[in-house]
Amino acid sequence: MAQGVFDVAVVGAGVVGCAIARRFAIDGARVLILERAHDVLDGASKGNSAILHTGFDAPEGSLELDCIRAGYAEYREIHARMNLPLDPCGALVLAWTEEQQAALPGLMAQAAANGVGDVEMLDHATLPALESQLAPEVRAGFRVPGEALIDPWSAAHAYLYQAIQHGAELRLRAELLTAERQAESWRLHASAGSFEAGLVVNAAGLWGDHVERILTGESWFQIRPRKGQFILYDKPAAALAGHILLPVPTKVTKGVVVCRTIFGNLLVGPTAEEQEEREDASVVPATLEALRQTGETILPALAGQEVTAFYAGLRPASEDKAYRIRADLERGLVTVGGIRSTGLSAALGIAQHVARLVGRAPGVARDWPEMPVLAQDGARDWQAPGNGGIVCHCELVTRREIAAAMEGPAPAQSLAGLKRRTRVTMGRCQGFYCSAELARLTEGRFTQPMLAGAVDDAG
């Protein structure tokens, strides 16, 4: 027997799935979210560069560009109301070779064609005034003022919480096992029970083609996971870069980025490594060493900085660079696949696009979640009275913040989920001093015990 009848079932609770669930719930649909993991954001969305892109280098005329631009605009429109951070630091696209320098005018023309018309060319003599720590070998570049830093996890949680406030239901540890299309609805059999839904949105990320085969018997695209390894430097390193430092992109990747994080660290990454395995986000010492050298080539002063953590994320790339989004309204299915590194920026725009594909009229949100401040420069809970004291002294996380993350509309179900909601254990000691207290505070609260989820993302 079905445990519930829904208008829409969203398979996958990454940032794109959460944004789609939010859009449909605000528009008045009864929404179900199925996530196979112990917590939301446990797949591709747990590791990224946390940049809100303008789309200046996206393929001209592409759906990806449309979604990035719409997502970028909506995030900037709603972030203050949800208490989500935005650091409008801008980006510098830097050329280090003659060939890269020759590509700059074309990239600026592409930016203008993509509606990003405020870029400005910078020569070798101008760049040190903007970034004094850049290596002297830099030849030229251009500035993209609209690029920004955001919190990648609070944003997705905010989308999810707002969906739940508008009636959406979340089922975790709910892997889709089988599905049957009946006359006008789907019968979905998941590891958490059976459900009925008129429309299914496949937003399963790294498992998108697998879910497509469950739903239709075949998949019209193939996920080819692309690993991105990162080095995260301790907070003093953040003073070395004011802008997001981007390389001249290639057809395959945006390349290795050097930038601050919204949490006050500095990251270098990602790599772009094709692999078959969908869950192997391990780091490789030789690759990290090459990444470290790349970072020091851009910012020589990084050589004297402490590293806090290494981590890797997996992007759900496919055999085609284009987003793999398609609606089959007769069958009651929308597929949202192949969303690579621009998913964080484009998520809200993708949700708008999917709603249009199925003909839903935009609704007006009646409830707005207010997210806790985790950004380095924000007013943090440890500064407020009655917080219960600090548990994680590296990231200044309080008992009250931990307690709040284990309550609310979607409580943390694992240490990884708690980290993404509070930043606990993500500082320079990586939980060495606070894990025992954390184990006591969370005893019996997680569906995935702390030791089972000890190895996870950092940021």
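Residues numbered from 1 in each chain as written. Predicted model: local features only at pLDDT ≥ 70, side-chain atom pairs only at ≥ 80, totals over all residues. Heavy atoms only, no water.

Draft legend 1. Fine view of the UniProt feature "domain: BFD-like [2Fe-2S]-binding" (unreviewed entry) in the chain. Listed under "domain: BFD-like [2Fe-2S]-binding" (unreviewed entry) in the UniProt record, and renumbered for this structure, are residues 390-440. Secondary structure across residues 390-440 comprises 41% helix and 10% strand; the distance between its end C-alpha atoms is 14 Å. (UniProt positions renumbered as here; feature names shortened; annotations may be inferred. Helix = DSSP H or I, 4+ residues; strand = E, 2+ residues; numbered from the N terminus.)

Draft legend 2. Broad picture of helix 6 (residues 208-216). With seven of its nine residues buried, helix 6 lies for the most part within the structure. Within helix 6, burial applies to G208, D209, V211, E212, I214, L215 and T216. Structurally, helix 6 contributes buried residues whose contacts are with strand 1 (5-11), strand 9 (176-181), strand 10 (186-190), strand 11 (193-202) and strand 19 (333-337). Where helix 6 ends, the next residue or the one after it, G217, has phi of about 90°, a positive value. (Buried < 20%, exposed > 50% of the residue type's maximum accessible area, 1.4 Å probe, protein only. Contact = heavy atoms within 4.5 Å.)

Draft legend 3. How the structure looks around the environment of T271. The topology assignment puts T271 in the loop between strand 15 (266-269) and strand 16 (273-274). Judged by relative accessible area, T271 falls into the buried class, the value being 13%. For the pair T271 and G255, spaced 16 residues apart in sequence, the C-alpha to C-alpha distance is 7.1 Å. T271 has contacts with K227, G228, Q229, T287, L291 and R315, leaving out every residue within four places of it along the chain. In terms of polar contacts, T271 uses its side chain to reach the backbone amide nitrogen of Q229, at 2.8 Å. (Polar contact = N/O pair within 3.5 Å; in protein donor to acceptor, adjacent residues only side chain to side chain.)

Draft legend 4. Seen up close, the pairing of strand 6 (residues 140-144). Burial of strand 6 is extensive: five of the five residues sit out of reach of the surface. Side chains A140, F142 and V144 project from strand 6 onto one buried face, and the interleaved G141 and R143 project onto a second face that is buried too. Here strand 4 (residues 91-95) runs beside strand 6; their pairing, made up of five bridges, is antiparallel. When the sheet's bridge partners are listed, A91 is paired in strand 6 with V144. (Pairing = 2+ DSSP bridges.)

Draft legend 5. How the structure looks around the nonpolar core. Within the largest apolar cluster, 87 residues are counted, with the highest numbers of intra-cluster contacts made by I20, V31, V201, V336 and I350. Structurally, this core is a two-domain feature, drawing no fewer than three residues from each of domain 1 (6-47 + 152-221 + 320-358) and domain 2 (91-145 + 224-315). If sequence neighbours within four positions are ignored, I20 has contacts with V10, V201, A203, V336, I350, A351 and V354. One finds V138, I231, L240 and V258 within the second-largest nonpolar core, a separate group that totals 21 residues. (Core = buried A, V, L, I, M, F, W, Y, C linked by side-chain atoms within 4.5 Å. Domains from an automatic or database assignment.)

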